[in-house]
Amino acid sequence: MKKILNILIFMLVLTNLQGQDYRVGKISKEELSEKTYPLDSTANAVKLYVNKRVYFRYSQNIGYQLITEVQERIKIYNKEGYDWATKEIKYYTPVASTSERLSIQNAKTYVLENGKIESYKLKNNEIFTDKNNKYWSTDKFTMPNIVDGCIVEWKYIIISPYSSIDKIVLQSSIPTKKFEADIEIPEYYNFNLKETGYFRINSTISTRNDNIILSNNNRENRNGFSTQKIDLTKKVIKIDNENIPALIEEPYVNEITNYASTLHFELASIKWPQSPIEYFSQTWENVTKTIYKNSDFGPELEKSGYFKDDLQLLISKSGGDTNKLIVEIFEFVKQKVKWNNVAGIYAYNGVKEAYKTSVGNTADINFILIAMLKEAGIQANPIILSTRDNGIPIFPTINGFNYVIAGIEVENDVILLDATEEFSAPDLLPLRVLNWQGRIIRESGTSTWVNLTPKASSETNTTLNVSVKNNGEIEGMKRTVFVNNSALNYRNKYGNSSQEKIIEKIEENENIEIIDHRISNYSDLYLPVTELLKFNKKNAVDIIGDKIYFKPLLFLATTKNPFKLENREYPVDFGTPIGSKEIVSIVIPDGYVVESIPESLAIALPNDYGVYHLKISTAENKINVYSMLQINTPVYPVENYPALKEFFKVLVNKNLEQIILKKQV
């Protein structure tokens, strides 16, 4: 029966696709009446149709321009899908003469009112433009008259003087019913193509004849000019996909959009008639040399006069100790220039201006750091990378990098520093940049890959001493030490919050009442954070008749398996190697004895990826619990997912087992 139902649904969807009119404004009553998406009833919205056309248009006085036309039609089923009525379009606007131009057209909301299709047009004054920085602008709009069941549609065109084709992304967090793309590339341009993602892109490549018309002044011609037709071929890439599933969020994914089915384009070379070939991004060495020569990169690193007086004071404070000097310079730059939350590999306002105003982007700040280190005789160089939300460069590319940090090369190692992060330390980077590898660029023109994976695991070690009361309460002391990225995360979590706010958050998260709370080393970034609290907790154990039941780790227990999916498509990304240790000492109430305790457990993941131990013992009126989890790899391979899922299933089941106390007669 289920098989027959699936066939019927498929036939219904196929019939709708064959009869659907996807021209702008051709909205059907059937789509407006639809209450849920037949292929995914959980979807709050669906992209009914996406069409992208990318082509080069030749103009006599301008040359080739890149035109990108996008049409999107989205069905919104309920309030949870209303966010899809808002659109943001980013485009490149460095200066007027070389900026991209954006035109938004045919933006309307369609609703079914009394059996009739009504439309509401987006007004020009409802489109807002933000100048994000000196390079980029964003146009943002929210469609009018959004209600359950409506359809929104828009078309926009970007005209660009550049030759970079944006990646074609098929998947998003909602399903797509139909996706079409048509990319036309004149024979003069050579692009590297790369497909990524797990959903197969249905694409074809062909060639088509074309021509351009050139006009020339010609005195012998009575009209004063002559024309010349240039024949050429162009490569045509067509994409035609239907019933594209949504990207499903899974726990421990660095950035879900990195796994969307995508076609990437990278300009490799241009060959004009009767001209030598011009190469762009065919090797990593070529890429890094191009980046270094940019006026907002290499020349900015060479400036040093603006900080010389401050540097001399730092050198004096270090007393000739190189390691201390690195720390002094690093901490000075962190305090001197604050990050404006703009990422980039090129200086924003320039290092001098950033130093003067105490505000800069990633490049401004870390260029200052690198320059000061080099001026102090320490061999530092920039490391360009792609943040977790920007994906991973899959072939030699200039556009694939969006962040820069500092690297100090020492024997067989590189010390990593990011002065944009208030709570960072050498070799302690924020999670946003822990994305496989970066590339260190040297002034000599050479470059090398650098591993960004933390050298030490993120550790959380807790000691819990509690007394169980015969009324179901517990009281005691909890001491937790946060080490490496765990300490960085703790400091970022609470920021500069007052102690009252910190206590409030802990009480809410752990459902305890804090009587006393202390934090050590919060401001000393080179020491672990130590949190000490005295607490009590009501209804912490279950009392049934003459017995008391509670989990060995009490409120520290892991009670849910984060890996619930039967199958997983994406690697499990923990960000860093991780470790947690809990040592719990429980004093049982007078008049009770231990009736039973769970057996000890020791399990391991394959290939030394991780281990878990739980050991419980008793001594007089005390129960001692030791728990230790260690994950040795920051990225766990998807092919071993079943073993990881089973590992955490066993861990959770053991954490849920009960210690039983019995009242003495």
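Look a little higher up for the structure.
Residues numbered from 1 in each chain as written. Predicted model: local features only at pLDDT ≥ 70, side-chain atom pairs only at ≥ 80, totals over all residues. Heavy atoms only, no water.

A.B. asks: Help me understand unusual backbone geometry in this model?
C.D. replies: Negative phi is the rule for most residues except glycine; trans is the rule for most peptide bonds. A positive phi angle, close to 55°, is found at asparagine 114, a residue other than glycine. Turning to its location among the elements, asparagine 114 is positioned in the loop between strand E4 (101-113) and strand E5 (116-121). Look at asparagine 114 and you get exposed, because its relative accessible area is 85%. Here leucine 554, not a glycine, exhibits a phi torsion of approximately 50°, which is positive. As for its position among the elements, leucine 554 is in the loop between strand E28 (547-550) and strand E29 (572-573). Given a relative accessible area of 6%, leucine 554 falls into the buried group. (Helix = DSSP H or I, 4+ residues; strand = E, 2+ residues; numbered from the N terminus. Buried < 20%, exposed > 50% of the residue type's maximum accessible area, 1.4 Å probe, protein only.)

A.B. asks: Help me understand helix H5 (residues 308-318) in this model?
C.D. replies: Three- or four-residue spacings in an α-helix give side chains the same orientation, since the helix completes a turn every 3.6 residues. Taken as a whole, H5 has its buried residues at Leu311, Leu314 and Ser318. Axial view of H5: buried residues confined to an arc of 60°, hence all on one face. Among the exposed residues of H5, those oriented more than 90 degrees off its buried face are Asp309, Leu313 and Ser316. The secondary structure elements touched by the buried residues of H5 are helix H6 (322-336) and helix H8 (362-375). Glycine 319 occupies a position one or two residues after H5 and carries a positive phi of about 65°. (Arc of directions from axis to C-beta. Contact = heavy atoms within 4.5 Å.)

A.B. asks: I tried to follow the nonpolar core on my own but got confused; where do I start?
C.D. replies: Generally speaking, a soluble globular protein has its nonpolar side chains buried in company with each other. Phe550, Ile586, Tyr612 and Ile623 are the most contacted members of the largest nonpolar core, which totals 56 residues. At six residues, the largest contribution of residues to this core is made by helix H11 (residues 641-656). Once residues lying within four places of it in the same chain are set aside, the contact partners of tyrosine 612 are Leu553, Leu601, Ala602, Ile603, Ser627, Met628, Leu629, Phe647, Leu651 and Asn655. Counting 41 residues, the second-largest nonpolar core is a separate cluster that includes Phe330, Ile384, Ile415 and Leu417. (Core = buried A, V, L, I, M, F, W, Y, C linked by side-chain atoms within 4.5 Å.)

A.B. asks: Explain empty space enclosed by the protein to me, please; I cannot follow it from the model alone.
C.D. replies: By rolling a water-sized probe across the atoms, one finds the places where empty space is left. For the structure on display, the rule yields two cavities of 30 Å³ or more. Each pocket or cavity is described by its volume, and for the largest cavity that value is around 50 Å³. In the lining of the largest cavity, the residues fall into five nonpolar, one polar and two charged. (1 Å grid on protein atoms, 1.4 Å probe; cavity = no way out; pocket = protein on both sides within 12 Å on 5 of 7 lines; lining within 4 Å. Points joined across faces, edges and corners; volume = space filled by probe spheres on them. Nonpolar A, V, L, I, M, F, W, Y, C, P; charged D, E, K, R; others polar.)

A.B. asks: Where do I start with the layout of surface pockets in this structure?
C.D. replies: The volume enclosed by the second largest pocket comes to roughly 1400 Å³. Of all elements in the fold, only strand E23 (458-468), strand E24 (474-483), helix H9 (485-494), helix H10 (499-510), strand E30 (578-587), strand E34 (622-631) and H11 reach the threshold of two or more residues within the lining of the second largest pocket. By residue number, the principal contributor to the lining of the second largest pocket is H9, which donates six residues. Residues belonging to the lining of the second largest pocket are distributed by class as follows: 17 nonpolar, 15 polar and six charged.

A.B. asks: For this particular structure, what's the right way to read the packing of H5 against H6?
C.D. replies: Between two packed helices, both the angle of their axes relative to each other and the distance between the axes serve to describe the pair. Packing of H5 against H6 brings their axes to within 9 Å, and their N-to-C directions diverge by 140°. When the axes of H5 and H6 are compared, the pair comes out oblique. Pair H5 / H6 crosses with right-handed handedness. Contacts between H5 and H6 pair Asp310, Leu311, Leu314, Ile315, Lys317 and Ser318 from the former with Lys324, Leu325, Glu328, Ile329 and Phe332 from the latter. (Axes fitted to C-alpha atoms, helices over the stretch in contact; angles between N-to-C directions. Parallel < 35°, antiparallel > 145°, perpendicular 65-115°, else oblique. Left-handed = near helix turned anticlockwise from the far one by under 90°.)

Read these as geometric descriptors, not functional statements.
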